[in-house]
Amino acid sequence: MRWWDIEPVLELERELFPRDAWTPALFWSELARARGPYATRRYLVAELPGADGAGGGGRLVGYGGLAAAGGTGDIQTIATARDRWGTGLGGRLLTALLGAATEFECEEVLLEVRVDNPRARRLYERFGFETVGLRRGYYQPGNVDALVMRRHMDPAPPDHGLDHGPDPATEPQGSPQGTVPHG
Ligand SMILES: CC(C)(COP(=O)(O)OP(=O)(O)OC[C@H]1O[C@@H](n2cnc3c(N)ncnc32)[C@H](O)[C@@H]1OP(=O)(O)O)[C@@H](O)C(=O)NCCC(=O)NCCS
């Protein structure tokens, strides 16, 4: 995700998280932490192919972000356009975020999810997240509880000095570039 993605991301954000959409300032602040050698964030976007058929440049249809600190990653946000739900895009974004967690050498990844969000819960369970806690009334207004979910990360495989080309699983465009996690 780059700064020019913030506007289209905000459009999706307001539609998909009408009660607690992030502000532009929050995205700017997160992207600022996603650059440089001491970056602690990774934000990704998924775009449809552009008019020339090349990857990227088309409509922005998904995004996600991860924060890392002290060996723990946090999924800050993940969302896909409503007309792409059920196409596997959420899974591809999550795969890419978990890849970023591995790069940040995270031993575990945590997230919060609304108890009334079965689609997201199912996605996380499919990726090996387990419920480890409940935060009552975490989402306000509405007083909706959050489940805290955790996934242990496998240790990174040894680096054999191979040139790591692009991983098809990380199709969402990683970008040098959350903290109020979304449910
Ligand atoms: C949650 C979200 C990111 C999932 O994205 P997606 O592109 O639909 O993800 P996928 O297609 O990879 O997978 C969705 C899973 O939910 C399942 N699913 C679909 N409808 C469902 C329903 N009504 N109840 C339960 N599961 C459902 C799908 O079957 C699929 O699981 P499966 O592959 O095991 O069958 C997307 O729905 C979204 O952006 N929602 C709004 C924002 C949001 O809630 N974000 C999560 C915050 S924690």
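Keep in mind that what you see is a predicted model, and the values were worked out from it rather than measured.

Definitions and limits used
- The numbers attached to residues start from 1 for each chain and follow its sequence in the written order.
- Confidence filtering applies because this is a predicted model: local features only for residues at pLDDT of at least 70, side-chain atom pairs given and counted only at 80 or more, and all residues used for totals across whole chains, interfaces and linings.
- Strands here mean DSSP runs of E at least two residues long; helices mean DSSP runs of H or I at least four residues long; both are numbered from the N terminus.
- Buried means a residue has 20 or more other C-beta atoms within 10 Å of its own C-beta, exposed means 12 or fewer, and partly exposed covers the counts in between; C-beta atoms are placed from the backbone.
- Note on terminology: a nonpolar core is a set of buried residues of type Ala, Val, Leu, Ile, Met, Phe, Trp, Tyr or Cys, with members joined through C-beta atoms within 7 Å.
- Near residues are defined by distance alone, with the backbone-placed C-beta atom required to lie within 6 Å of the molecule or strand.
- Paired strands are those between which DSSP finds at least two bridges.
- Orienting the strands away from the viewer, one traces the path from the first strand over the helix to the second; a clockwise path indicates a right-handed crossover.
- pLDDT expresses how confident the predictor is about each individual residue, on a scale running from 0 to 100.
- Contact definition: two residues whose C-beta atoms, as placed from backbone geometry, lie within 7 Å.

1. Describing the overall build of the chain
Consideration 1: Within the chain, the secondary structure is distributed over four helices and seven strands.
Consideration 2: Element order for the chain, N to C, with α for helix and β for strand: α-α-β-β-β-α-β-α-β-β-β.
Consideration 3: Here the chain holds 183 residues, and 34% of them are scored as buried.

2. Digging into the nonpolar core
Consideration 1: Leu44, Leu97 and Ala101 are the most contacted members of the largest nonpolar core, which totals 39 residues.
Consideration 2: Per-element tally for this core: the top contributor is helix 3 (residues 89-103), with seven residues.

3. Examining the site of the ligand
Consideration 1: Around the ligand, the structure places 22 residues, and the nearest of them are Ala79, Trp85, Gly90, Gly91 and Ala120.
Consideration 2: Take the shell around the ligand: its biggest share by element is six residues, from helix 4 (residues 118-126).

4. Some remarks on the pairing of strand 3 (residues 72-80)
Consideration 1: With eight of its nine residues buried, strand 3 lies for the most part within the structure.
Consideration 2: Examined bridge by bridge, strand 2 (residues 57-69) and strand 3 share eight bridges and lie antiparallel to one another. Residue pairing across strands places leucine 66 opposite isoleucine 75, the latter belonging to strand 3.
Consideration 3: Hairpin connection between strand 2 and strand 3: a loop of two residues separates the two successive antiparallel strands, and glycine 70 in this loop has a positive phi of roughly 55°.
Consideration 4: Direction of pairing for strand 3 relative to strand 4 (residues 108-114): parallel, over a ladder of three bridges. Pairing of threonine 72 across the sheet is with glutamate 108, part of strand 4.
Consideration 5: Remark: the strand 3/helix 3/strand 4 crossover connection has right-handed handedness.

5. With respect to the confidence of the model for the chain
Consideration 1: Taken residue by residue, the chain gives an average pLDDT of 87. The fraction at 70 or more is 82%.
Consideration 2: With pLDDT under 50 throughout, residues 160-170 is counted as low confidence; its partners more than four residues away or in other chains account for eight contacts.
Consideration 3: Here residues 175-179 scores under 50 on pLDDT; set against residues more than four positions off or in separate chains, the count is 20 contacts.

6. Re unusual backbone geometry
Consideration 1: Omega for the bond connecting glutamine 140 with proline 141 falls within 30 degrees of zero, at -5°, which places this linkage in the cis form.
Consideration 2: On the secondary structure map, proline 141 appears in the loop between strand 5 (130-139) and strand 6 (144-152).
Consideration 3: Even without a glycine there, the phi angle at glutamate 105 is positive, about 60°.
Consideration 4: With 12 C-beta atoms packed within 10 Å, glutamate 105 lands in the exposed category.
Consideration 5: Of note in this structure, asparagine 143 is not a glycine but carries a positive phi near 55°.
Consideration 6: Locating asparagine 143 in the fold gives a position in the loop between strand 5 and strand 6.
Consideration 7: For asparagine 143, a count of 9 C-beta atoms within 10 Å gives the class exposed.

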